[in-house]
Amino acid sequence: MAEPAPDLTRPARPSRLTDPKFRALVFQILATLTVVAFLVYIVHNTLTNMEQRGISTGFGFLDRTAGFAILQSLIPYSETSTYGRTFVVGLLNTILVSALGVVCATIIGFVVGVLRLSSNWLIKKIATAYIETFRNIPLLLQIFFWYFAIGFNLPGPRQSIAIGESVFLNNRGLYVPAPVFGEGFGWTLAAIAVAIVAVLVLAHWARRRFELTGQSFHTVYVSLAILLGLPLLVFVATGAPLSWDMPALQGFNFRGGLTVIPELFALTLALSIYTAAFIAETVRSGIQSVSHGQTEAASALGLRQSWTLRLVIIPQAMRVIIPPLTSQYLNLTKNSSLAPAIGYPDLVAVFAGTTLNQTGQAVEIIAITMAVYLTLSLVISLFMNWYNKRMALKER
Amino acid sequence: MAEFVPHPELPPPASSVGVVGWLRRNLFSGWLNSLLTVAALYLVVTALPPLLNWAFFSADFVGENRDACDSGGACWVFVNARFSTFMYGFYPAAQAWRVDLIFGTLLLLMSPLFFKGFRYKLQLGGFILFVYPWIAFGLMHGGLLGLPVVETAKWGGLSLTLLLAAVGCIAALPLGVLLALGRRSTNMPVVQTMCVVFIEFWRGVPLITVLFMSSVMLPLFLPEGVSFDKLLRALIGITLFQSAYMAEVVRGGLQAIPKGQYEAADALGLGYWRKMGLIVLPQALKIVIPGIVNTFIALFKDTTLVIIVGLLEILGMVQNALNDPNWLGFSTEGYVFTAFVFWIFCFSMSRYSQWLERKLHTGHKR
């Protein structure tokens, strides 16, 4: 018996259930519903719990008086200031320690990273020992070490460790001369601004000329001359309106000058040393990533050693170094939140710590704190993506 | 006609071989290098002897109390006297064998994984990852088989450090794999967005705020009458935090698998889960093992932060011991000891991960 011939004019319709598009749609709807249900459940629980415990909600607490003192603040702050101001003080302290840490870690990291590749055996081993030691010890432990073990055992003010006649280190902190800007110092600042603009214009002009005619220009030396010379000239012409306020021992402590509190000193030191070990590894792998053929090609073209470095190796190494370097900066900023462990008044310590304990508004405060760090990360990663795109290899 | 007589082979110049040659090449190859060498030598010679002297030669190792420390060097008596709390926290001394048993068994179970010829690596790995933690928890907590209960508040020291890191990593692995798959699923934009937001959120905030959140906000999220204990809250925070990092590591592995593998799986008619489970993930996870070890090292160091929410792992125990009026002023010894413990763990793990990377790297390398 012959089977009925299949209808070949119409393709067999697949079941809806095996259609990938349909399945994706169903799955997405299910996932959305689950997440929304979960969020609703949590919000409901939170509101009920807060009502029962009598915790007030909203951001009104930011205008209430804080009533506690802060060890270090970059803006005027007193016990009568509001919680909103507390937040700003904490944020500025976080930014201060992060910025100091980034600068120091970059310097130490690049130096150690280059030394790690040195042809000198001893130097190479010392750099390796530095990296392997500090990378493998928890940051919090390092902070504790510098603060409790070293900082507390420094001599008192009378036996301070003096560097020259102006910098003193003791168990109350680091004392450095503070600049006092006299009248007319604004002119010098203006001169610095003018010099920066002039250098930018000069660099642009020099690059244009180089591309058009092939004639090079001593941009670096001329720029340095402009950058240093112009402000110095104006500074002298306006009568050197700058003096230094020297720290001096009076009674039991130092007066005058700029005081770096031990908490800030220990935190910056630990953050820089720890992050520098990672930056050094980044720098090393970046430099090693430039293949030896590039150096050889450059010497075959007759480029000088310094030109090879400047035109061939560094640009290619930077392309590899920048993305992980940025994430190291980000890590440093996030790691600065370890400050409460030694009582440095950063955002987490004064806001997510003291303010939270006083007001009890956990949800709002933790949300604000997290938002601050998220914004910082987002800004840094946006910048990183932009820079990455600019530096990326343009393949044709 | 004079026959050509070759000169006898001369040895290489004395200055280019042997110790002298090595010194010339590696330490004194130019004026700059010589200067650097001399400076570095000076540094080593001034710093190393006092350090060694402090740590070993004039240090005190045995004794009962601080009176035993009178020779001017490090007082390791302090570490000696507090050793059991540094290891076990406040776990009752009579029950400490349970902790030893857990970690000893774990070491024994893990050792075959390092041998090349062992056949059941996958099964054993699965057992260690998914079954053993429950057995370990039962043993640690007690209450079964007549073992007295030791509540989590008494756990501490190095055992707590290891526990936090291990549980955080094991629990984060499946979550991280799912998140990475979600982030790569371009045909489901909603799921993809959710995964991206989740990952970037946890990666963008410091662990300390996560711990704060899990200790003060988590109780608010739970329905009435339900409460988690402190350790569990910290573990939840650590797991969520770690899963985001794990997801990024796994994503790297997924991206490294050539497109042909995905297409071949499709061509064979495999569905999504079979394609991922049988073709892509086995290859991807193998490549990312070094990355996973690296995130584990980072987590291991980060566990010290739980001191902020009142859990006393090894650093917390040391801090606690330093406040003991009988042992005031030995902070350096305590920190150096803790640093040494962490260093041993982290350094050996990072060496292991580098070795793995070299072993798995099958391409050409200069």
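Details of the structure are given in the entry above.
### Topic: the overall build of chain B
Scanning chain B from terminus to terminus reveals 14 helices and zero strands. Element order for chain B, N to C, with α for helix and β for strand: α-α-α-α-α-α-α-α-α-α-α-α-α-α. Along the first, second and third principal axes, the C-alpha atoms of chain B reach 105 × 75 × 40 Å. Expressed as a percentage of the 366 residues in chain B, the buried residues total 43%. Of all intrachain contacts in chain B linking residues separated by at least 6 positions in sequence, the fraction that spans at least 24 positions is 64%. For chain B, the exposed surface amounts to about 20,300 Å²; the carbon and sulfur share of it is 68%. Of the side-chain charges in chain B, 25 are positive and 19 negative, and the distance between the mean point of each set is 13 Å.

### A short note on helix H12 (residues 272-302) of chain B
Under the 1.5 Å per step criterion, the end-to-end length of H12(B) is only 36 Å for 31 residues, more than 12% shorter than the ideal 45 Å. Of all the bends in H12(B), the greatest, near 50 degrees, is centred on Ile289(B), and the proline Pro290(B) appears no more than four residues after it.

### Topic: a positive patch on the surface
On the surface, Lys116(B), Lys121(B), Lys286(B) and Lys359(B) cluster together to form a positively charged patch. Position of Lys121(B) relative to the elements: it lies in helix H5 (residues 121-141).

### Description of the packing of aromatic side chains
This structure, assessed with the given rule, holds 27 aromatic pairs over all chains. Plain terms: the ring middles of Trp121(A) and Trp22(B) are 5.2 Å apart, the flat faces sit at 70 degrees to each other, and that makes the pair edge-to-face. A residue pair is termed interchain when its members come from two chains, as with Trp121(A) in helix H3 (residues 121-135) and Trp22(B) in helix H1 (residues 18-26). Arranged with centres 5.8 Å apart and planes meeting at 70 degrees, the rings of Trp54(B) and Trp76(B) form a pair that is edge-to-face.

### Let's talk about the nonpolar core
Ranked by size, the top nonpolar core spans 154 residues in total, and within it Phe86(B), Leu254(B) and Tyr335(B) carry the most contacts. The biggest single contributor to this core is helix H6 (residues 157-184) of chain B, with twelve residues. Dropping the residues within four chain positions of it, Tyr335(B) is found in contact with Leu141(A), Phe144(A), Phe145(A), Phe148(A), Ala149(A), Leu315(B), Val318(B), Gln319(B) and Leu322(B). Core analysis: the second largest hydrophobic core is formed by eight residues, Val112(A), Ile273(A), Ala276(A) and Ala280(A) among them.

### Re the interface of chain A and chain B
Chain A puts 54 residues into the contact, and the matching count from chain B is 57 residues. Roughly 4,700 Å² of surface becomes buried between chain A and chain B when both sides are summed, with 71% attributable to carbon and sulfur atoms. Where chain A meets chain B, there are one salt bridge. Measuring nitrogen to oxygen at the nearest pair gives 3.4 Å for the salt bridge that ties Arg351(B) to Glu132(A). Scanning the region where chain A abuts chain B turns up 15 residue pairs in polar contact (both at pLDDT 80 or more).

### Section: the state of the cysteines
Residue and element names in this part refer to chain B. Within this structure, the stated rule accounts for zero disulfides over all chains. In this model Cys346 remains outside any disulfide bridge; the closest cysteine sulfur is found in Cys169, 13 Å from its own. Note on Cys346: relative accessible area 0%, which makes it buried.

### With respect to the packing of helix H4 (residues 96-110) of chain B against H5(B)
All names here are of chain B. Taken N-terminus to C-terminus, the directions of H4 and H5 make an angle of 170 degrees; their axes are 10 Å apart at the nearest point. Classified by the angle their axes make, H4 and H5 are roughly antiparallel. Between H4, through Arg98, Val99, Leu101, Ile102, Thr105, Leu106, Leu109 and Met110, and H5, the contact on the second element is made entirely by Leu124, Phe127, Ile128, Tyr132, Ala136, Leu139, Met140 and His141. For the contact of H4 with H5, a count of residues per class yields 13 nonpolar, two polar and one charged.

### Some details on a nonpolar patch on the surface
Nonpolar side chains collect at one region of the surface, where Ile126(A), Leu43(B), Val44(B), Leu48(B), Leu51(B), Leu52(B), Phe56(B), Phe57(B), Phe61(B) and Val62(B) lie side by side and expose about 970 Å² of accessible area between them. If you tally residues by element for the nonpolar patch, the top one is helix H2 (residues 31-57) of chain B, at seven residues. Within the secondary structure, Ile126(A) sits in helix H3.

### Concerning the side chain of Arg98(B)
All names here are of chain B. Its location among the elements puts Arg98 in helix H4. One buried charged residue, Arg98, remains without a salt bridge, the closest side chain of opposite sign being Glu151 at 9.1 Å. Not counting chain neighbours up to four residues away, the residues in contact with Arg98 comprise Tyr91, Leu139, Met140, His141, Gly142, Leu147, Pro148 and Val150.

### Some remarks on the environment of Leu113(B)
All names here are of chain B. Within the fold, Leu113 resides in the loop between H4 and H5. The partly exposed category is assigned to Leu113, whose relative accessible area is 27%. The contact partners of Leu113, leaving out residues within four places of it in the chain, are Lys121, Leu124, Gly125 and Ile128.

### Brief notes about the pairing of strand S3 (residues 173-176) of chain A
All names here are of chain A. One ladder, built from three bridges, connects strand S2 (residues 167-170) with S3; its direction is antiparallel. Along S3, the bridge assignment pairs Asn170 with Gly173. Two elements, S3 and strand S8 (residues 258-260), share three bridges in a ladder whose sense is antiparallel. Paired with Tyr175 across the bridge in S8 is Thr259.

Quick notes on the rules
Residues numbered from 1 in each chain as written. Chains lettered and ligands numbered in written order. Predicted model: local features only at pLDDT ≥ 70, side-chain atom pairs only at ≥ 80, totals over all residues. Heavy atoms only, no water. Helix = DSSP H or I, 4+ residues; strand = E, 2+ residues; numbered from the N terminus. Buried < 20%, exposed > 50% of the residue type's maximum accessible area, 1.4 Å probe, protein only. Contact = heavy atoms within 4.5 Å. Areas by Shrake-Rupley, 256 points an atom, 1.4 Å probe, with all protein chains shown as cover. Lys, Arg positive; Asp, Glu negative; His and termini not counted. Charge placed at Lys NZ, Arg CZ, Asp CG, Glu CD. Expected span 1.5 Å × (residues − 1). Bend = angle between axes of the 7 residues up to and from the residue. Patch = residues over 30% accessible without salt bridge, like charges linked within 9 Å, V, L, I, M, F, W, Y side chains within 5 Å. Salt bridge = Lys/Arg side-chain N within 4 Å of Asp/Glu carboxyl O. Phe/Tyr/Trp six-rings, centres within 6.5 Å; stacked < 30°, edge-to-face > 60°. Core = buried A, V, L, I, M, F, W, Y, C linked by side-chain atoms within 4.5 Å. Buried area = accessible area lost by both parts, 1.4 Å probe. Polar contact = N/O pair within 3.5 Å; in protein donor to acceptor, adjacent residues only side chain to side chain. Disulfide = S-S within 2.5 Å. Axes fitted to C-alpha atoms, helices over the stretch in contact; angles between N-to-C directions. Parallel < 35°, antiparallel > 145°, perpendicular 65-115°, else oblique. Nonpolar A, V, L, I, M, F, W, Y, C, P; charged D, E, K, R; others polar. Pairing = 2+ DSSP bridges.

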